[in-house]
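Residue-level structure breakdown
Now for the letters of each chain:
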Amino acid sequence: MSFTSTELRRSLGEFEHAAKNLLNATHQTYQSEMYAFMHQVHKDEIINYILKPFLEMSLDFSKIEKPDPSVRILELPNDMNKQIAYILQILSKSYKGELSIEQCASHFFPEENVNKSFYLFIENKIKPNIKVLIEMLRDLISYEIKGKKEVMEENLRIL
C-alpha cells in the first residue's frame, strides 16, 4: 500500500491540530479534545499505521507507576520511545473509558484543587512527550515525501 504526499501532509496536519487542541485543553475541555486526538491516532489510517508500535509496545507499568503509601510516583523511562508509548497508552485507555486521566493526575500530582493536578499532569508529562512525537512525525513525513508523489507504507516506520 502507498500514500500520496498530499495524504501524508493532510494526516500530519490533522494530527498536529488535534494534538495542539489537546495540549491546550482545560480540565473542562479535556475529554472532548482527548477524544478528538485519540480518534486521529486510532482512526486515521496513516497516523495509526505509524503510531501502532507505540500503542502495542510492551511496558511494565509497575516500574513506571510506583505505589507509595500516600501517593503514586510516576517515573517515566529514560527511553523517549517508551515515554511516548506510555503517554499514548494511557490516553488510549482514557479514550476507551478504561482510565480516568483526572484520577491519574490526582495520584501523581496530589493537589487540593483537581484542576491544578490536571494542569500539572498535562504540562509535565503529556505535553513534552506529545511535542516530541509531533517532531518525530514531521521529520519522518518530510523526509519520506521529499521529491516523491507516493510513499510506500513500509517506509513510514517511526520505530
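Above this text sits the structure in question.
Not measured: the values here are computed from a predicted model. (Residues numbered from 1 in each chain as written. Predicted model: local features only at pLDDT ≥ 70, side-chain atom pairs only at ≥ 80, totals over all residues. Heavy atoms only, no water.)

Thoughts on the overall build of the protein chain
The test is simple: Only runs of H or I of at least four residues qualify as helices and only runs of E of at least two qualify as strands under DSSP, and these elements are numbered from the N terminus. Atoms considered for the radius of gyration are the C-alpha atoms alone. The globule rule reads 2.2 Å times the number of residues to the power 0.38. Between buried and exposed lies partly exposed: a residue is buried under 20% and exposed over 50% of the maximum accessible area for its type, with that area taken using a 1.4 Å probe on protein chains only. Under the convention used here, a 1.4 Å probe and the Shrake-Rupley method define accessible areas, while residue burial counts only the protein chains that appear. Counting rule applied: Lys, Arg positive; Asp, Glu negative; His and chain ends not counted. Taken as the charge centre is NZ of Lys, CZ of Arg, CG of Asp or CD of Glu, depending on the residue.
Of regular secondary structure, the protein chain possesses seven helices and four strands. Mapped in sequence order, the helices and strands of the protein chain form the string β-α-α-α-α-β-β-α-α-α-β. Here the C-alpha atoms of the protein chain give a radius of gyration of 16 Å, agreeing with the 15 Å that 2.2 N^0.38 yields for 159 residues. By its C-alpha atoms, the protein chain is 55 × 30 × 25 Å across when sized along the principal axes. Expressed as a percentage of its 159 residues, the buried residues of the protein chain come to 46%. A total of about 8,600 Å² of accessible surface is found on the protein chain, and carbon and sulfur atoms cover 48% of it. Across the protein chain, 20 positive and 23 negative side-chain charges occur, with their mean positions spaced 2 Å apart.

Regarding the packing of aromatic side chains
To describe a pair of aromatic rings, one takes the distance between the centres and the angle between the planes. Put simply, the rule is: Ring geometry is summarised as follows: Phe, Tyr and Trp rings, the Trp one being its six-membered ring, pair when their centres sit within 6.5 Å, and such pairs are stacked at plane angles under 30 degrees, edge-to-face over 60 and tilted between the two. In this scheme, Lys NZ or Arg CZ marks a charge over a ring once it lies within 6 Å of the ring centre and within 35 degrees of the ring normal.
Applying the stated criterion across every chain yields a total of six aromatic pairs. Plain terms: the ring middles of Tyr 35 and Tyr 95 are 4.9 Å apart, the flat faces sit at 35° to each other, and that makes the pair tilted. Placement of the pair is Tyr 35 in helix α2 (residues 30-43) and Tyr 95 in helix α5 (residues 80-95), with a sequence separation of 60 residues. On the basis of relative accessibility, which here comes to 17%, the residue Tyr 95 falls in the buried class. Ring pairing ties together the aromatic residues Phe 108, Phe 109 and Phe 121, which thus form one cluster. Its guanidinium or amino end placed over the ring of Phe 61, Lys 93 lies 4.3 Å from that ring's centre, counting from NZ or CZ.

Brief notes about α2
The cut-off we apply is this: Here the expected span of a helix is defined as 1.5 Å times the quantity of residues minus one. Contacts are assigned to residue pairs that have any heavy atoms within 4.5 Å of one another.
Between its first and last C-alpha atoms α2 spans 19 Å; for 14 residues at 1.5 Å apiece the expected length is 20 Å, and the two agree. Contacts made by the buried residues of α2 are with α1 (5-23), α3 (45-56), α5, α6 (101-108) and α7 (114-145).

Details of the pattern of salt bridges
To keep it simple, the criterion reads: What counts as a salt bridge is simple: a side-chain nitrogen of Lys or Arg found within 4 Å of a carboxyl oxygen of Asp or Glu.
Under the defined criterion, the tally for this structure stands at five salt bridges. With a shortest N-O distance of 2.5 Å, Arg 138 and Glu 135 are connected by a salt bridge. Here Glu 135 and Arg 138 lie together in helix α7, a separation of three residues that amounts to about one turn. Salt-bridge contacts for Glu 144 lead to Lys 148; the nearest nitrogen and oxygen are separated by 3.3 Å. We classify Glu 144 as buried; its relative accessible area is 8%. In the salt-bridge network here, residues are joined through shared partners; they are Glu 16, Glu 135 and Arg 138.

Examining the packing of α2 against α3
We apply this condition: Orientation is described by axes fitted as lines to C-alpha atoms, over the contacting stretch for helices, and by angles from 0 to 180 degrees between their N-to-C directions. Throughout this description, any angle smaller than 35 degrees is read as roughly parallel, any larger than 145 degrees as roughly antiparallel, any in the 65 to 115 degree range as roughly perpendicular, and the remainder as oblique. In this count, Pro and Cys sit with the nonpolar residues alongside Ala, Val, Leu, Ile, Met, Phe, Trp and Tyr, while Asp, Glu, Lys and Arg are called charged and the others, Gly among them, polar.
Taken N-terminus to C-terminus, the directions of α2 and α3 make an angle of 90°; their axes are 6 Å apart at the nearest point. Relative to α3, the element α2 lies roughly perpendicular. The segment α2 lies against α3, with Gln 40, Val 41, His 42 and Lys 43 engaging Glu 45, Ile 47, Asn 48, Leu 51 and Leu 55. Per-class residue counts for the contact of α2 with α3 are four nonpolar, three polar and two charged.

Coordinates in, geometry out; function isn't part of it.
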